[in-house]
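Below, each chain spelled out in residue letters.
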Amino acid sequence: MKTFALAASLAITALVGTSFAEDLPSAANLVKKHLEASGGKAAMMKVKTRIDKGKLTLTEMGMEATYVSYNQAPNSLNISDFAGMGIVKNGTTDGVAWAINPFQGNTKTANARPDEIFPFVNLDLVAGSAKTLGEEDLEGKIAYEVEFQVPVIGALVVFFDKESGLVAASESKNDDGTVTRSSFSDYKKVGDIQIPHTIKQTGGPLALVITSESIELDAEIPAGTFDLPEEIKALP
């Protein structure tokens, strides 16, 4: 009798586990829903430039800056002006990630991952090997948790809002082993594309909030914007 009861219990457990796994949508379907909710991959791929302007807040340090971000894949430039304290510049230029930082010093890293105008637009290319891990409550909203393996980055966990399909958050591991979570909210339509206007970053070296006050797509970017600064060229 005990053997029968144990076998029945194991069978029920396996059945419940199988049913739960079958109920979870595939990574491919979640990415497809996200791209459709965002306005479509074709529409996003047509965009050649992007300029964001707004406010950056370092929450733990109580520091605030105005910022402007220029993006023309694969290059980018971000400028944060901490009034009276200093200007931080960081970007990616032809595969070189760099930063001019009066607080932490200047840095340069070769073989950086190319920047994209929309960071999740190419998840469909790696969705086949991705795995849906389950559901998670993100501040009262349920999201599907999916782990992707992305070139250069490695493991990237993305949370897709169950209702809207839009990306609610992402997580990646830093070199020191800590995990940085970026949360995306306040989605608004810019042209035909849904773009988050608030990004909250926790974990890692800095906790910050980026609030976009304006986003321009296919705007003209001045020539030379992405040139490698002389200070960076001088670094080994």
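What you see is a predicted model; the values in this text were computed from it and never measured.

Reading guide: rules and limits
Residues numbered from 1 in each chain as written. Predicted model: local features only at pLDDT ≥ 70, side-chain atom pairs only at ≥ 80, totals over all residues. Heavy atoms only, no water. 1 Å grid on protein atoms, 1.4 Å probe; cavity = no way out; pocket = protein on both sides within 12 Å on 5 of 7 lines; lining within 4 Å. Points joined across faces, edges and corners; volume = space filled by probe spheres on them. Helix = DSSP H or I, 4+ residues; strand = E, 2+ residues; numbered from the N terminus. Phe/Tyr/Trp six-rings, centres within 6.5 Å; stacked < 30°, edge-to-face > 60°. Buried < 20%, exposed > 50% of the residue type's maximum accessible area, 1.4 Å probe, protein only. Contact = heavy atoms within 4.5 Å. Salt bridge = Lys/Arg side-chain N within 4 Å of Asp/Glu carboxyl O. Pairing = 2+ DSSP bridges. pLDDT = per-residue confidence, 0-100.

If you add up the space inside the second largest pocket, you get close to 460 Å³. If you go around the second largest pocket, you meet 18 residues; those closest to its centre are Leu138, Lys141, Ala168, Phe184 and Ser185. When contributions to the lining of the second largest pocket are tallied by element, the ones reaching two or more residues are β10 (167–173), β11 (179–190) and β12 (193–202). For the lining of the second largest pocket, the element with the most residues is β11, which contributes six residues.

With that settled, the discussion passes to the packing of aromatic side chains. Scanning the entire structure with this criterion turns up three aromatic pairs. Where Phe120 meets Phe184, the ring centres are 5.5 Å apart and the plane angle is 90°; that geometry is what we call edge-to-face. Residue Phe120 is located in the loop between β6 (107–109) and β7 (131–138), and its partner Phe184 is located in strand β11; the two are separated by 64 residues in the primary sequence. For the residue pair Phe120 and Phe184, the accessibility class agrees, reading buried in each case. Their ring planes at 65° and their centres at 6.3 Å tell us that Phe148 and Phe160 sit as a pair that is edge-to-face. One end of the pair, Phe148, is in strand β8 (residues 141–150); the other, Phe160, is in strand β9 (residues 154–161), with 12 residues separating them in the sequence.

Moving on: the environment of Asn111. With respect to the helices and strands, Asn111 occurs in the loop between β6 and β7. Taking relative accessible area as the criterion, Asn111 reaches 71% and is therefore assigned exposed. In sequence terms Asn111 and Thr92 are 19 residues apart; their C-alpha atoms lie 10.0 Å from each other. Each residue touching Asn111, except ones within four places of it in the same chain, is listed here: Gly95 and Val152.

This part takes up the pattern of salt bridges. If you walk through the whole model with that rule in mind, you get eight salt bridges. Here Asp124 and Lys41 are joined by a salt bridge, their closest N and O atoms 2.9 Å apart. With Asp124 in the loop between β6 and β7 and Lys41 in helix α3 (residues 41–46), this residue pair connects regions lying 83 residues apart in the sequence. Among the residues examined, Lys41 registers a relative accessible area of 22% and is labelled partly exposed. With its nearest N and O atoms 3.8 Å apart, the salt bridge here joins Lys188 to Asp186. Its relative accessible area of 40% is what places Lys188 among the partly exposed residues.

Bridge count between strand β3 (residues 75–82) and strand β4 (residues 86–93): seven bridges; the pairing is antiparallel. When the sheet's bridge partners are listed, Phe82 is paired in β4 with Gly86. The antiparallel hairpin formed by β3 and β4 contains three residues in its connecting segment, where Gly84 sits at a positive phi of about 80°. Looking at chain direction, β4 and strand β5 (residues 96–100) are connected through five bridges and run antiparallel. What sits directly across from Asn90, in β5, is Ala99. Counting the residues between successive antiparallel strands, the hairpin from β4 to β5 contains two residues, one of them, Asp94, with a positive phi of roughly 50°.

So, on to the pairing of β3. As defined by bridge partners, strand β2 (residues 63–72) adjoins β3 across seven bridges and the pair is classed as antiparallel. If you follow Gln72 over to β3, its bridge partner there is Asn75. Hairpin geometry of β2 and β3 is characterised by an intervening segment of two residues between the two adjacent antiparallel strands.

Confidence along the protein averages 90 in pLDDT terms, with 90% of residues attaining 70 or more. Of all the helices and strands in the protein, helix α1 (residues 2–23) carries the lowest mean pLDDT, 45, while helix α2 (residues 27–38) carries the highest, 98. Segment residues 1–21 is flagged for pLDDT under 50; beyond a separation of four residues in sequence, or across chains, it makes zero contacts in the model.

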